[in-house]
Amino acid sequence: MQDNRLLIIDDDQDIGELFIDIGESLGYAVIHTDDPDQFKRYVREWHPTVIVTDLQMPNADGITILRFLAAIETPAKIVIISGMGPKIIHFAETIAQHRGLALAATITKPFVLAEVQAILDRLKAPSELAAEALRLAIENDEIQIFLQPKCQVSTGEVVGAEALARWVHPRLGIISPNVFMAIAELGNLTGPILTRVMTQAVAQIKTWSTQALDLPVAINISARDIDALDLPDHLEAICARAGVPCDRIILELIEGSSLDVSADALDVLTRLRIKGFHLSIDDFGTGFSSLLRLRQLPFSELKIDRSFISSIRSEDDSMVIVKTIIAMAASLGMNCVAEGIEDAATVQRLLEWGCSMGQGYYFGRPMPPDQFDEWMRSSGNTNTGSKKAMA
Ligand code: C2E
Ligand code: MG
Ligand code: MG
């Protein structure tokens, strides 16, 4: 049987045919149906790897379909496709996540062909070959950090940097973490990547310290890494070897993974904090954290997901959410960072609402470390305020 099997339920025949064309060109076996009973049979017997479901059909609705998929615990990646408004789509996403489905993407009709192509391409099972290639790339030092400035919203002053991993492939050029981290998760390679990123980040801090620059660096951690009980000692040893104090590092965990923690993970998070590492919740607003959970866990910073920041000027809901998160962070005594700031009008809004720190193309894109230094010099940043970025 083919590795990649795509099943789509949609009453629109044209859309069905389009998915067959795109899917097959990407190496999927594709089945389209508009009949819910037939759909259920295919799910049970054909075991699709990707399922695309419309929300509104004359003889079925997407919410019932999602309930069925959750009940049989399908491991398939789910894509919701709909022409309904953003609120309904958001509810459907929430339901899918609550029911434990692997929601992979949402497509709004009318859609751009290239968008569907990119999504389906991303959802293909990474082959053994891809994991092996990535393992070799890690050994050959092809995983390199890019640095994105983290700035004071009011002045633009740089108060830190986030290290974002890139696969600098000798033939294919720069590959995004959105592509290779999925391969890393499946191939058990997130640990070796973390070691590479952490080692480069502390080396960078060390270099800056010889130039009288004191900038903390944030690095991203996968959910699976915080279950390793030796993680705190491992990261501490990397800092110690470079002679860099642990409190110069902020560890970012994405919301869903960081707040629903096992006993081992809680042990790890607490020991990381005791050793001086700072902990930040990344992509805040995309998971389901309760205030109680936020209080219980040793995080000192939250980063508002870029999807809310990019839409605060056009969507009232996003505006309310962002304002509320900023106020909530302040009342919990946490630093708040807005991600994905792209224009001056957004900066203005965030300032009015009391958000002190931000990241985004407006301030600076992720850059190779030497370009980052060059950019710092040319933008007149000499950094005096790094302590402000810390809790
Ligand atoms: P993240 O940690 O939330 O990082 C922010 C992402 O938003 C980065 O994408 C950055 O390039 C992008 N970004 C920043 N400002 C803007 C903006 O103004 N507009 C837009 N459109 N985008 C902006 P990137 O570098 O592709 O990284 C994607 C994600 O991959 C990261 O999201 C992080 O979750 C993950 N990642 C990156 N490096 C690592 C790593 O070393 N380990 C792990 N586990 N995950 C990593
Ligand atoms: Mg991050
Ligand atoms: Mg983020």
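Refer to the structure presented above.
Keep in mind the model is a prediction, meaning the values are calculated, not measured. Each chain carries its own residue numbering, running from 1 in the written order of its sequence. Chain A is the first chain written and ligand 1 is the first ligand written, with later ones labelled in order. The predicted origin of the model limits local features to residues at a pLDDT of at least 70 and limits the giving and counting of side-chain atom pairs to 80 or more, whereas totals for whole chains, interfaces and linings rest on all residues. To get the side-chain values, all heavy atoms of the structure are used, and hydrogens and water are removed first.

Details of the coordination of the magnesium ion (ligand 2)
Summarising the metal site, the magnesium ion (ligand 2) is bound by the protein donors Glu162 (OE), Asn220 (OD1), Glu252 (OE) and Asp282 (OD), whose distances to it range over 2.0 to 2.2 Å. Here the magnesium ion (ligand 2) and the magnesium ion (ligand 3) are spaced 4.4 Å apart, linked through Asp282, which binds each one. Pair noted here: Glu162 is in strand β9 (residues 158–169) and Asp282 is in strand β13 (residues 278–284), with a separation of 120 residues, a long-range link. Of the two residues, Glu162 and Asp282, neither departs from the other in class, the shared state being buried. Each metal site lists N, O and S donors within 2.8 Å (3.2 Å for Na, K and Ca). With water left out of the atoms, a site can look as if it is missing ligands. Helix numbering and strand numbering both begin at the N terminus, where a helix is a DSSP run of H or I of at least 4 residues and a strand a DSSP run of E of at least 2. Exposure classes here rest on a 1.4 Å probe applied to the protein chains alone. A residue is buried below 20% of its type maximum, exposed above 50%, and partly exposed in between.

Details of the sheet that holds strand β1 (residues 5–9)
Two strands make a pair as long as DSSP finds a minimum of two bridges between them. The strand order across the open sheet formed by five strands is β2-β1-β3-β6-β7, and the pairing between neighbours is parallel. Two strands bound the open sheet, and with one partner strand each, they are β2 (29–33) and β7 (102–108). The sheet shows a mean angle of 15° between the axes of neighbouring strands, direction not considered. Examined bridge by bridge, strand β6 (residues 77–82) and β7 share six bridges and lie parallel to one another. Counted as the bridge partner of Val79 is Ala105 from β7. By definition, residues are in contact when any of their heavy atoms lie within 4.5 Å. Axes here mean lines fitted to C-alpha atoms, for a helix over just the part in contact, with angles spanning 0 to 180 degrees between N-to-C directions. Each of β1, β3 (50–54), β6 and β7 is contacted by helix α5 (residues 113–122), which is oriented at about 170° to β7, the strand it contacts most.

Some remarks on the coordination of the magnesium ion (ligand 3)
The protein atoms that coordinate the magnesium ion (ligand 3) are Asp282 (OD), Asp283 (OD), Glu339 (OE) and Glu339 (OE), at distances of 1.9 to 2.6 Å. Read N to C, the donor residues that coordinate the magnesium ion (ligand 3) are spaced as D-D-x55-E.

Some thoughts on the site of ligand 1
It suffices for a single heavy atom of a residue to lie within 4 Å of a molecule or strand for the residue to be listed as near it. The full set close to ligand 1 counts 23 residues, and Arg166, Asn220, Asp282, Glu342 and Tyr361 are the nearest of them. In protein, a polar contact requires one atom able to donate a hydrogen and another able to accept it; more generally it is a pair of N or O atoms within 3.5 Å, and residues adjacent in sequence count only if both atoms are side-chain atoms. The contact in question runs from a nitrogen atom of ligand 1 to an N or O atom on the side chain of Gln148, over 3.0 Å. Arg166 has a polar side-chain atom sitting 2.8 Å from an oxygen atom of ligand 1. Elements represented by at least two residues in the shell around ligand 1 include exactly β9, α7 (177–186), β11 (217–221) and β13. Looking at the shell around ligand 1, the element that brings in the most residues is β9, giving four residues. Residue polarity follows a fixed list, in which Ala, Val, Leu, Ile, Met, Phe, Trp, Tyr, Cys and Pro are nonpolar, Asp, Glu, Lys and Arg are charged, and the others, Gly among them, are polar. Looking at side-chain class alone, the shell around ligand 1 contains nine nonpolar, six polar and eight charged residues.

Description of the state of the cysteines
The term disulfide refers to a covalent linkage connecting the sulfur atoms of a pair of cysteines. Cysteine sulfur atoms that pair up within 2.5 Å are treated as a disulfide. Applying the stated criterion across every chain yields a total of zero disulfides. In this model Cys239 remains outside any disulfide bridge; the closest cysteine sulfur is found in Cys246, 4.3 Å from its own. Free of any disulfide, Cys355 has its nearest cysteine sulfur in Cys336, 4.4 Å distant.

With respect to helix α9 (residues 231–242)
A helix is expected to reach a length of 1.5 Å times the quantity of its residues less one. Given a rise of 1.5 Å per residue, 12 residues ought to cover 16 Å, and the 17 Å separating the end C-alpha atoms of α9 matches this to within 8%. Of the residues making up α9, those classed as buried are Leu231, Pro232, Leu235, Ile238 and Cys239. One side of α9 holds all its buried residues, which, seen down the axis, span an arc of 130°. Set apart from the buried face of α9 by more than 90 degrees, the exposed residues are Ala240 and Arg241. Among the structural elements, α8 (190–210), β11, β12 (249–254) and α11 (263–274) are those in contact with the buried residues of α9. In the segment just after α9, Gly243 is the residue with positive phi, at about 70°. The arc refers to the directions leading from the helix axis to the C-beta atoms.

Things to note about the nonpolar core
Nine residue types can take part in a nonpolar core, namely buried Ala, Val, Leu, Ile, Met, Phe, Trp, Tyr and Cys, and a core is a set of them joined through side-chain atoms within 4.5 Å. Membership of the largest hydrophobic core comes to 77 residues, with the highest contact counts inside it found for Leu134, Ile219, Leu235 and Leu302. Here the element with the most residues in this core is α8; it accounts for eight residues. Once residues within four sequence positions are removed from consideration, Leu134 is found in contact with Ile143, Trp167, Phe180, Ile183, Ala184, Leu189 and Ile193.

Here's the deal with the pairing of β11
Most of β11 sits out of view: four of its five residues are buried. Pairing of β9 with β11 involves three bridges; the strand directions are parallel. For Ala161, the partnering residue across the bridge sits in β11 and is Val217. Of the pairings in the sheet, the one linking β11 to β12 comprises five bridges and is parallel in character. Its bridge partner being in β12, Ile219 is matched across the sheet by Leu251. Viewed with both strands pointing away, a crossover whose connecting path from the first strand over the helix to the second turns clockwise is right-handed. Taking the sense of rotation as the criterion, the β-α-β connection linking β11, α9 and β12 turns out right-handed.

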